Amino acid sequence: MIEELLPGPVAVVEAHGRDALGEGVSLYPEEEAVIARAVDKRRREFTAVRACARHAMEKLGVPPQPVLPGERGAPRWPDGLIGSMTHCDGYCAAALAPVGELASLGIDAEPHDRLPDGVLDAVALPTERTRLRGLARSRPSVHWDRLLFSAKESVYKAWFPLTGKWLDFLEADVEIDPGAALRAPDSPDSSDSRAASEPSDSRAASDASGGFRARLLVPGPLVDGRRVEAFDGRWTVRGGLLATAVAVRHF
């Protein structure tokens, strides 16, 4: 799911269902020390997503290694790699790339459901809430509030390795491109633009993809000596999950 949101040089490994529980996966001693006092749910998530990360390393020809949390919990990757990880109930993923291919990347996955009460006011600018209301009127099958939250999570994960600084939810203005519904196998031909774009109760209406742009409201990071003022990303909704990804390219 996330793999289709990122450019070719990125190695993505995902786990679904029982595979996302981390069963039968061994941790390195350094990782065991980090998670020793964690509750069972946190331990399963920590373990499963690191199994994904090690498989992604192998896809890039890098020997599997421990993935330890660094500053503000950001994963510390082997030399020569950048990456991002995410997990939610029943799903986890890791995305890695050589440093020469991308400057940074961030991924996030969430359940495709509305945000808990009060969260949107804490993470969304007034301009964003106005745009969300318009999106909800035109495409009510997508939980746009959760999508905005996820996009900001991906933005932060791409931002932090470039700056080493915190980025508040309200320091990026995210504008979402609503995209189009994905055609289910038994749906009308994609040339039927009405069937491809109108909300309904079908799977084609709930499965969708598009893009977004996050305009940074604070000075952006320097990449190859040039100031980055916005991050571009992509999103998808499928099978009860929502995922977003940001790839920051070199100039």
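Placed above this text is the structure.
How each quantity is defined
Residues numbered from 1 in each chain as written. Predicted model: local features only at pLDDT ≥ 70, side-chain atom pairs only at ≥ 80, totals over all residues. Heavy atoms only, no water. Helix = DSSP H or I, 4+ residues; strand = E, 2+ residues; numbered from the N terminus. Buried < 20%, exposed > 50% of the residue type's maximum accessible area, 1.4 Å probe, protein only. Contact = heavy atoms within 4.5 Å. Salt bridge = Lys/Arg side-chain N within 4 Å of Asp/Glu carboxyl O. Polar contact = N/O pair within 3.5 Å; in protein donor to acceptor, adjacent residues only side chain to side chain. Phe/Tyr/Trp six-rings, centres within 6.5 Å; stacked < 30°, edge-to-face > 60°. Lys NZ or Arg CZ within 6 Å of the ring centre and 35° of its normal. Pairing = 2+ DSSP bridges. Axes fitted to C-alpha atoms, helices over the stretch in contact; angles between N-to-C directions. 1 Å grid on protein atoms, 1.4 Å probe; cavity = no way out; pocket = protein on both sides within 12 Å on 5 of 7 lines; lining within 4 Å. Points joined across faces, edges and corners; volume = space filled by probe spheres on them.

Draft legend 1. View of the overall build of the protein chain. Counting its secondary structure elements, the protein chain contains seven helices and twelve strands. When the 251 residues of the protein chain are sorted by exposure, 45% land in the buried category. A separation of at least 24 residues holds for 66% of the contacts in the protein chain among residues at least 6 apart in sequence.

Draft legend 2. Molecular detail of the side chain of S150. Within the fold, S150 resides in helix α5 (residues 144-163). Owing to a relative accessible area of 0%, S150 belongs among the buried residues under this scheme. Excluding residues within four positions of it along the chain, S150 makes contact with D108, E110, L242, A243 and T244.

Draft legend 3. Looking closely at the pattern of salt bridges. Considering all chains together, one arrives at 14 salt bridges under this definition. Of the charged contacts in the structure, one is a salt bridge between E110 and R146, with a shortest N-O distance of 3.4 Å. Residue E110 is found in strand β6 (residues 104-111), and its partner R146 is found in helix α5; the two are separated by 36 residues along the sequence. The partner of D232 in a salt bridge is R213, and the shortest N-O contact between them spans 2.7 Å. Here R213 lies in strand β8 (residues 208-216) and D232 lies in strand β11 (residues 230-238), a separation of 19 residues in the sequence. What makes D232 partly exposed here is its relative accessible area of 39%. One network of salt bridges, in which partners are shared, links E31, R50 and R54.

Draft legend 4. Quick look at the environment of K152. Position of K152 relative to the elements: it lies in helix α5. In this structure the C-alpha to C-alpha distance between K152 and E171, which are 19 residues apart in sequence, comes to 9.6 Å. Setting aside anything within four residues of it in sequence, one finds K152 in contact with V123, A124, L125, E128, F169, L170, A172 and V174. A polar contact is formed between the side chain of K152 and the backbone oxygen of F169, at a distance of 2.5 Å.

Draft legend 5. The packing of aromatic side chains, seen in detail. Counted according to the given criterion, the structure contains four aromatic pairs. Summarising the aromatic geometry, the rings of W144 and W235 are spaced 5.5 Å apart at their centres and angled 80° between planes, so their arrangement reads as edge-to-face. Remark: W235 occurs in strand β11 and W144 occurs in helix α5; sequence separation between them is 91 residues. Pairwise contacts between aromatic rings join Y156, F160 and W166 into one cluster. Positioned above the aromatic ring of F46 is the side chain of R50, whose terminal nitrogen or guanidinium carbon lies 3.6 Å from the ring centre.

Draft legend 6. Here's a closer look at the side chain of T244. Relative to the assigned elements, T244 resides in strand β12 (residues 241-248). A polar atom in the side chain of T244 sits 2.8 Å from the side chain of S150. For T244, the residues in contact, after removing those within four places along its chain, are L5, G106, I107, D108, L147, S150, A151, S154, F212, R234 and W235.

Draft legend 7. Structural detail: the sheet that holds strand β4 (residues 81-88). Read across the sheet, three strands follow the order β1-β5-β4 without closing on themselves; strand pairing throughout is antiparallel. Each edge of the sheet is formed by a strand with only one pairing partner; in this case those strands are β1 (11-16) and β4. Within the sheet, the average angular offset between the axes of one strand and its neighbour, ignoring direction, is 10°. The sheet contact formed by β4 and strand β5 (residues 91-98) spans eight bridges and is antiparallel. Its bridge partner lying in β5, C88 is registered against Y91. Against the sheet, helix α2 (residues 40-59) engages β1, β4 and β5, with an angle of about 35° to β5.

Draft legend 8. Structural context of the layout of surface pockets. As a volume, the largest pocket reaches approximately 890 Å³. For the largest pocket, the lining is made up of 40 residues, of which G73, A74, P75, M85 and K157 are closest to its centre. Where the lining of the largest pocket is concerned, the elements lending two or more residues are α2, β3 (75-76), β4, β6 and α5. When residues of the lining of the largest pocket are assigned to their parent elements, the largest contribution, eight residues, is made by β4. Taken as a whole, the second largest pocket holds about 200 Å³ of empty space. If you trace the second largest pocket, you find 13 residues lining it, with V228, A230, D232, V248 and F251 closest to the centre. Put simply, the parts of the chain that give the lining of the second largest pocket at least two residues each are β11 and β12.

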